[in-house]
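Spelled out, the chains give:
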Amino acid sequence: MWALAKPEPVTKELIAARGDHPAVTATFNPQPSALSLRAARRAVAEVLRANPTAIERAGDAFTGAIIRYNLLSWTGIVDDKGEVIEPTHDVVVPSDENDEIGIVQPGTISAFIAEPRLFEAADREYVLPWTQLDAEKNGFAPSPNGTSEGAMPETDTVISPVTPESSGDVTSVPTESTKPKRKQAKPSGK
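Since the model is a prediction, treat every value here as computed from it, not as a measurement.

(A) Here's a closer look at helix α2 (residues 55-70). Taking 1.5 Å per residue, 16 residues should reach 22 Å; α2 reaches 23 Å between its end C-alpha atoms and fits that length. Turning to α2, its buried residues number three or more, namely Ala58, Phe62, Thr63, Gly64, Ala65, Ile66, Ile67 and Asn70.

Pasting the structure below:
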């Protein structure tokens with residue numbers, strides 16, 4: 001039997017409270033959904049198809065898609081009249097009876113993504129920690145006793161070289177080679 005757990009959503013403080021302005025917090029799915037990951041990969045592919053060198057723009061497209069599909073609620077965000085607003089998705093208004101796409105009315109989530117301070121904060125607090133965790137479980141984590149830069153030394157591993165002044169009365173001792181001596185080949189026929 002397969003037991004499915006329902007993890008609780010996570011709330012992140014994006015912008016700290018200042019004076020009479022409350023903090024801006026956002027509540028996200030505990031981890032990006034499969035649908036959001038697929039959408040994020042499509043967004044990256046679209047950007048890179050148009051310009052293969054636009055790596056930073058592709059990263060922004062990935063972050064935007066993850067935020068768009070996983071943002072559940074927020075606090076501390078108001079409209080231009082000071083009224084509290086809720087997150088809403090974009091709405092596509094058909095142009096005719098054939099349901100062809102006509103006009104896309106942006107929702108408040110699009111406005112959230114378009115605001116650089118909110119976008120960067122959501123990227124830093126939600127998307128980046130998740131991508132780092134995902135990279136670790138996919139074998140890109142520093143090895144605990146390996147040679148990667150992030151590896152932590154074992155307790156019995158020397159982390160600094162010995163210097164002559166710290167070695168006390170120890171002197172160098174010449175050693176002989178432990179390599180076996182070469183055997184002489186026997187002449188053939190004897």
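Once the structure has been displayed, the description carries forward.
(B) Quick peek at the side chain of Thr27. Examined against the element boundaries, Thr27 turns out to sit in strand β2 (residues 24-28). In terms of polar contacts, Thr27 uses its side chain to reach the side chain of Thr11, at 2.9 Å. Not counting residues up to four positions away in its chain, the partners in contact with Thr27 are Pro9, Val10, Thr11, Asn70, Leu71, Leu72 and Ser73.

(C) Representation of the nonpolar core. Counting 27 residues, the largest nonpolar core has Leu14, Phe28, Phe62, Ile66, Ile67, Leu71 and Phe112 as the members making the most contacts within it. The biggest single contributor to this core is helix α4 (residues 116-140), with 7 residues. The residues touching Phe28, leaving out its near neighbours within four places in the chain, are Pro9, Val10, Lys12, Ile67, Asn70, Leu71, Leu72, Ala122 and Tyr126.

(D) Representation of the sheet that holds β2 in the model. Sheet architecture is open: 3 strands sit in the order β1-β2-β3, paired in antiparallel fashion. Pairing within the sheet leaves two strands with one partner each, and these edge strands are β1 (10-15) and β3 (71-75). Strand-to-strand twist in this sheet, taken as the mean axis angle between neighbours without regard to direction, amounts to 25 degrees. In the sheet, β1 pairs with β2 via 5 bridges, with the strands oriented antiparallel.

(E) Up close: a nonpolar patch on the surface. Side chains of Val91, Val93 and Ile103 sit close together on the surface and give an oily, nonpolar patch of about 230 Å² of accessible area. Examined against the element boundaries, Val91 turns out to sit in strand β4 (residues 91-94). For Val91, a relative accessible area of 42% gives the class partly exposed.

(F) Summary view of the packing of helix α1 (residues 34-50) against α2. Following both chains from N to C, one finds α1 and α2 inclined at 155 degrees, their axes separated by 8 Å at the closest point. The orientation of α1 relative to α2 falls into the category roughly antiparallel. Here α1 runs over α2; the crossing is right-handed. Across the interface between the two elements, Leu35, Ser36, Leu37, Ala39, Ala40, Ala43, Val44, Val47 and Leu48 from α1 touch Ile55, Arg57, Ala58, Ala61, Phe62, Ala65, Ile66, Tyr69 and Asn70 from α2. The residue inventory of the contact of α1 with α2, partitioned by class, reads 15 nonpolar, 2 polar and 1 charged.

(G) Inspection of the packing of aromatic side chains at higher detail. The tally for this structure, following the rule as stated, stands at 2 aromatic pairs. Ring geometry for Phe28 and Tyr126: centres 4.2 Å apart, planes at 10 degrees, overall stacked. With a gap of 98 residues between them, Phe28 in strand β2 and Tyr126 in helix α4 connect regions that are remote in the sequence. You'll find Phe28 and Tyr126 in the same group, each marked buried. Both rings, one in Trp74 and one in Phe112, keep their centres 5.4 Å apart while their planes meet at 5 degrees; by these two values the pair is stacked. Remark: Phe112 occurs in helix α3 (residues 108-114) and Trp74 occurs in strand β3; sequence separation between them is 38 residues. The same class applies to Trp74 as to Phe112, namely buried.

Rules and cut-offs
Residues numbered from 1 in each chain as written. Predicted model: local features only at pLDDT ≥ 70, side-chain atom pairs only at ≥ 80, totals over all residues. Heavy atoms only, no water. Helix = DSSP H or I, 4+ residues; strand = E, 2+ residues; numbered from the N terminus. Expected span 1.5 Å × (residues − 1). Buried < 20%, exposed > 50% of the residue type's maximum accessible area, 1.4 Å probe, protein only. Polar contact = N/O pair within 3.5 Å; in protein donor to acceptor, adjacent residues only side chain to side chain. Contact = heavy atoms within 4.5 Å. Core = buried A, V, L, I, M, F, W, Y, C linked by side-chain atoms within 4.5 Å. Pairing = 2+ DSSP bridges. Axes fitted to C-alpha atoms, helices over the stretch in contact; angles between N-to-C directions. Patch = residues over 30% accessible without salt bridge, like charges linked within 9 Å, V, L, I, M, F, W, Y side chains within 5 Å. Areas by Shrake-Rupley, 256 points an atom, 1.4 Å probe, with all protein chains shown as cover. Salt bridge = Lys/Arg side-chain N within 4 Å of Asp/Glu carboxyl O. Parallel < 35°, antiparallel > 145°, perpendicular 65-115°, else oblique. Left-handed = near helix turned anticlockwise from the far one by under 90°. Nonpolar A, V, L, I, M, F, W, Y, C, P; charged D, E, K, R; others polar. Phe/Tyr/Trp six-rings, centres within 6.5 Å; stacked < 30°, edge-to-face > 60°.

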